[in-house]
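Here is what each chain is made of, one letter per residue.
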Amino acid sequence: MKQLNFELVSISDLDAAIVSINDAIKNISYKSLVFHLYTIKFEEDEIRTVLRQLSESFYGCIIAGTSTNGDICDGHLAEYGMVISVSIFESTWVKSKIFNCPAGQETETGKLIADTIDASDDIIAAEILITLKSINSHKVLDAVEACHKDILVFGGGSAAYNIADTRTCVIDSKDISGNGVLLVTYCGKDLHVNIEHAIGWKPLGKDLIATRIEGKRLYEINDMPAGKVYSKYLDIHADEDFFANILEFPIMSHQHGYNVLRLPFSINSEDNSIELAADIDKGTPIHLSYGDPEVIRSDVNNLVQSVKKFAPQAIFLYSCGVRRLYWKYLINKETAPFAHIAPTAGFYSSGEIMRMGNYIIEHHVTLIAISMREGPKAQAQPTDAKYQALPMSEEEKMHSQVSMVRRLANFINVTSKELQEANDKLQEMADTDELTGLYNRRMLDRLVTDAIGRANMYNIDMILGIIDIDDFKNINDTYGHAAGDLVLKTLSATMNNEIIKLPSGIIGRWGGEEFLFLAPNLNVSDVIDNIEKARQRVSSIKFEDIGNVTISLGITSFKLGDTAESIFKRADDALYEAKQTGKNKTCVK
């Protein structure tokens, strides 16, 4: 196998490329001559000119191509016209075919592709290039998964010069399709193919759930409008700059045991729903994510070493257009090292496809390296390509860095606030009675102990009282626990409304139908009016079926030297007196 790569800046460069290709193959015996066409700028009439001239010059050649967000030629970004990658296979049969796919026919199209793959003798790998912005790629790939599991599958989504543009195409020798799937089959017992990928993006923050999604449209994350999640955590809003701002922060989903990135393409400003590049299932665990330069470099370096170990004769790189936008003027640093191993070509896509285990997964923001060779491991065939830095002003570089730092700082601030709120909520739950919302016994024990300690230290007044709902057991036994709970909630709220009118007044649920209140720095004469109002208000409430319910109260004043046990006993004795002398009254000890 041999590979040659040509960059056409304009259609006028085609003639020279054809001459060079003829010179290269004139003394080579081959079974398949394959032209991959990657074009960022050529219009349809220019593409058809290339198809015609290649077909006329190289009878029986195989052509497979796609529109792109950027072409890759010998490891560097080519962004002016078209890259032609010529693969000369000595013992491998290669075929290509476009399956046009009208809307709604994705599953049927996928089944046809799977059948075609399985019907190909000695097939090693299948390449799929798909106009994923115009058809439901998820359904297509799900159907293709039915093909034999030993067959390697790789590919990418067609793209456009403007990555947000939905008008893209795939290409073969006879057709250019804006709604289709291009299948390329590689068949031969001597062909070796290795497919690996690198991501480098890291999860950001807590686990989230896709709680409402229909097709590619994500409506809610954790029951919050999806766009609101981005505005809250990353200060990215539903405006005309949404797509540009979100590129560095795709959604990371977890599918079949793998981390898979999903790129939001657009947002609906009315309902804050987000259009994703591909489906995810409702209930899928997700994260926001961000690109960590060091992790990305490390992942790519590991990928380069793995490709080098495979010792290929040709390399194809299918990389997401977002990676190009992320690295900007440094993008060639990611792709150039591959060209030191073997001739390297490819494109920047709207989605990257590879079989992982039993599943064919559509990735985004991912770099896939497809290495090929015929026969044993090959000697390194480095091209003479050198790293080429792309032009970018210092102001643009600084703006990009500041933007990401600002959004990550916003994320840290919001999540820190959420953590504090969560801790406060946990503390509240630990200190609060679930039914009534008042302090629970655990909290009351602490408050009483502290208050008695201060009263003994400074010899100050304090009132402690115990409240009991009269005949509450009969309510539960006669009308059920739901009715009993309603009485508890209603009466506790009524009592609380009066107790909190006292300076430093505190009330909580002591247990069952008993409540305890505390009034530091006050004596009996300061509190008795509020206590009586609370009792009277309670007795005036009429419950359906139950009728009126009353309470009895026992209160006591702090005495110097009191302990929790001694003051509780006096209050309990006062409550006992109220119960024994007719109920619905307040007694003082």
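Look above for the structure.
Definitions and limits used
- Residues numbered from 1 in each chain as written.
- Predicted model: local features only at pLDDT ≥ 70, side-chain atom pairs only at ≥ 80, totals over all residues.
- Heavy atoms only, no water.
- 1 Å grid on protein atoms, 1.4 Å probe; cavity = no way out; pocket = protein on both sides within 12 Å on 5 of 7 lines; lining within 4 Å.
- Points joined across faces, edges and corners; volume = space filled by probe spheres on them.
- Helix = DSSP H or I, 4+ residues; strand = E, 2+ residues; numbered from the N terminus.
- Nonpolar A, V, L, I, M, F, W, Y, C, P; charged D, E, K, R; others polar.
- Expected span 1.5 Å × (residues − 1).
- Buried < 20%, exposed > 50% of the residue type's maximum accessible area, 1.4 Å probe, protein only.
- Arc of directions from axis to C-beta.
- Polar contact = N/O pair within 3.5 Å; in protein donor to acceptor, adjacent residues only side chain to side chain.
- Contact = heavy atoms within 4.5 Å.
- Pairing = 2+ DSSP bridges.
- Axes fitted to C-alpha atoms, helices over the stretch in contact; angles between N-to-C directions.

> Tell me what's going on with the layout of surface pockets, and back it up with residues and numbers.
In this structure, the second largest pocket spans a volume of roughly 380 Å³. For the second largest pocket, the lining is made up of 19 residues, of which F42, E43, E44, S67 and R167 are closest to its centre. When contributions to the lining of the second largest pocket are tallied by element, the ones reaching two or more residues are α2 (44–57) and β11 (176–177). Looking at the lining of the second largest pocket, its residues break down into eight nonpolar, six polar and five charged.

> I'd like a description of helix α14 (residues 524–540), backed by residues and values.
Here α14 contains 17 residues, and its C-alpha end-to-end distance of 24 Å stays within 8% of the 24 Å for a straight helix at 1.5 Å per residue. Where α14 is concerned, the buried positions are V527, N530, I531, A534, R535 and V538. Down the axis of α14, the smallest arc covering the buried residues is 145°, so these residues share one side. Of the exposed residues in α14, those oriented more than 90 degrees away from the buried face are S525, D529 and S540.

> Give me the side chain of T366: which residues, what numbers.
Residue position: T366 is located in the loop between β25 (359–363) and β26 (367–374). On the basis of relative accessibility, which here comes to 0%, the residue T366 falls in the buried class. One polar contact links the side chain of T366 to the main-chain carbonyl oxygen of H364, over a distance of 2.8 Å. Residues contacting T366, with those up to four places away along its chain left out, are H197, A198, I199, Y318, S319, C320, R323 and E352.

> Describe in detail the sheet that holds strand β4 (residues 71–73), supporting the description with residues and values.
Taking strand neighbours across the sheet as the criterion, the six strands line up as β5-β4-β23-β22-β26-β13 in an open arrangement whose pairing is mixed. Sheet topology places β5 (76–78) and β13 (191–198) at the edges, where each strand pairs with a single neighbour. Averaged over all pairs of adjacent strands, the angle between their axes in this sheet comes to 20°, without regard to strand direction. Of the strand pairs in this sheet, strand β22 (residues 314–320) and strand β23 (residues 344–349) are connected by six bridges, and their pairing is parallel.

> For unusual backbone geometry, give the residues involved together with the corresponding values.
Positive phi, normally seen in glycine, also occurs at D235, with a value near 60°. With respect to the helices and strands, D235 occurs in the loop between α5 (226–234) and α6 (242–246). Phi is positive for A311, close to 60°, though the residue is something other than glycine. Along the polypeptide, A311 turns up in the loop between α7 (293–310) and β22. Residue A311 is classed as buried on the basis of its relative accessible area, which comes to 10%.

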